[in-house]
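Residue-level structure breakdown
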Amino acid sequence: MSLSAVLLAASPSPSPSDTPTPAVPSLQDAQESATNAASWVEQNWSTWLAVGLRVLLILVVAGVLRMFVRRAITKLIDRMNRTAQAVDGTAIGGLLVNNERRRQRSQAIGSVLRSVASFIIMGTAALMVLGAFEINLAPLLASAGVAGVAIGFGARNLVTDFLSGVFMILEDQYGVGDTIDAGVASGEVIEVGLRVTKLRGDSGEIWYVRNGEVKRIGNLSQGWATAGVDVTVRASEDLDKVKRVLGEVAEKMSKEEPWNELLWSPIEVLGLDSVLLDSMVVRVSAKTMPGKSLTVERELRWRIKRAFDAADIRIVGGATVLADEEAADPAAAVAAPSVFANSESPQSAAASPLVPAPTQRPAPK
């Protein structure tokens, strides 16, 4: 037998009574633990109470301030709407101010201001609450800055669209009902958003234009428009007669409804715009309500044509042809087929191929 086996056989086997028994806490130990907990709470309750009261005060002040600011913004928007409604009573105000445009613009401005105010107030309150718990804000602010930069680079188009939409609305560059040329698309504005502007084209199609893609805007519905008509007559017409007829048409149209409201200035005969050998162009122009220039031009052309027909003034376009000039017959230069049947006819001789004349050889010596 080996030595390890002998030692194992000689060592006494452990009895069940030799196993360690878990210590049961006594009443004195429980009393000491309760005393320590009570002393810890007694020492720190004032600190926790102060922190809780500070957090509660921060939340209450932030909530009250947010409610006050949002209510002030709402009242400001309502006052702007009432001021615009008061302007509606005037003649120019009724033409320049659109109810739907004003409503959407005020809603967009109010929404942006309320969102910005809520973000600033609640964000500041959250940072103050974290500071009340003695949390180090430096790593949090640094992480937020890095995340903000990453999001800014990733969503730069979205940020550009949003900022462009905010400035477009604040500057009132266009609104619902305006006809604009945005470069990438043109049409009537049917909705203005912070990111996308919705246009309806001339054929009824709807264009969604991102505000960040708009580099220039031509608003055709602000201020006034110009209606211009070019009348081309023969060079032999009497200019005084033409001017008199045009003046009568302009005076009559300016006094009739609804053209007297659409015309914002008298219709003027500006004079000769160009003079050619067989025609001359007379220019007629007038200022109109925005967006009504084409309507005025169509009506003006209609009236001018009827007045010129009554006054026996001929309207021409492009190169004119004299009435007594006979047109040349295009078939006059074409010979009849029977002419080519005769080989001795001049037409056959002209159409036959040329045969080279025989060369004369020198006589032998």
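So, how was this worked out
Residues numbered from 1 in each chain as written. Predicted model: local features only at pLDDT ≥ 70, side-chain atom pairs only at ≥ 80, totals over all residues. Heavy atoms only, no water. Helix = DSSP H or I, 4+ residues; strand = E, 2+ residues; numbered from the N terminus. Contact = heavy atoms within 4.5 Å. Areas by Shrake-Rupley, 256 points an atom, 1.4 Å probe, with all protein chains shown as cover. Salt bridge = Lys/Arg side-chain N within 4 Å of Asp/Glu carboxyl O. Buried < 20%, exposed > 50% of the residue type's maximum accessible area, 1.4 Å probe, protein only. Expected span 1.5 Å × (residues − 1). Phe/Tyr/Trp six-rings, centres within 6.5 Å; stacked < 30°, edge-to-face > 60°. Lys NZ or Arg CZ within 6 Å of the ring centre and 35° of its normal.

With that out of the way, let us pick up the overall build of the chain. When helices and strands are tallied, the chain shows 11 helices and 8 strands. Relative to all contacts within the chain whose residues are 6 or more apart in sequence, the contacts with residues 24 or more apart total 63%. With an accessible surface of roughly 26000 Å², the chain has 61% of that area assigned to carbon and sulfur atoms.

This part covers the pattern of salt bridges. By the definition in use, this model includes 12 salt bridges. In this structure, the salt-bridge partner of E256 is R303, at a minimum N-O distance of 2.6 Å. Highlighted residues: E256 in the loop between helix 7 (239-255) and helix 8 (259-262) and R303 in helix 9 (residues 293-310), separated in sequence by 47 residues. Under the relative-accessibility criterion, R303 is labelled buried at 16%. Taken together, the salt bridges that share partners define one network made up of D161, R210 and E213.

Between its first and last C-alpha, helix 9 extends 26 Å over 18 residues, near the 26 Å set by a 1.5 Å rise per residue. Residues S293, V296, E297, E299, L300, R303, I304 and F308 constitute the buried set of helix 9. Packing partners of the buried residues in helix 9 comprise strand 6 (225-234), helix 7, helix 8 and strand 8 (279-288). Positive backbone phi, approximately 60 degrees, marks D312, located one or two places after helix 9.

Now for the packing of aromatic side chains. Counted under the stated rule, the structure contains 0 aromatic pairs. Here K287 stacks its cationic end above the ring of W224, 4.2 Å away from the centre of that ring.

So, on to unusual backbone geometry. In this chain, E257 is followed by P258 through a cis amide linkage whose omega measures 0 degrees. Tracing the backbone through its elements, the reader meets P258 in the loop between helix 7 and helix 8. Here D172, not a glycine, exhibits a phi torsion of approximately 55 degrees, which is positive. Tracing the sequence through the fold places D172 in the loop between helix 6 (156-171) and strand 1 (179-181). The class for D172 is partly exposed, based on a relative accessible area of 27%. Here D312, not a glycine, exhibits a phi torsion of approximately 60 degrees, which is positive. Summarising the element assignment, D312 is placed in the loop between helix 9 and helix 10 (337-341). We classify D312 as exposed; its relative accessible area is 65%.

Any functional reading would require information beyond the geometric quantities listed.
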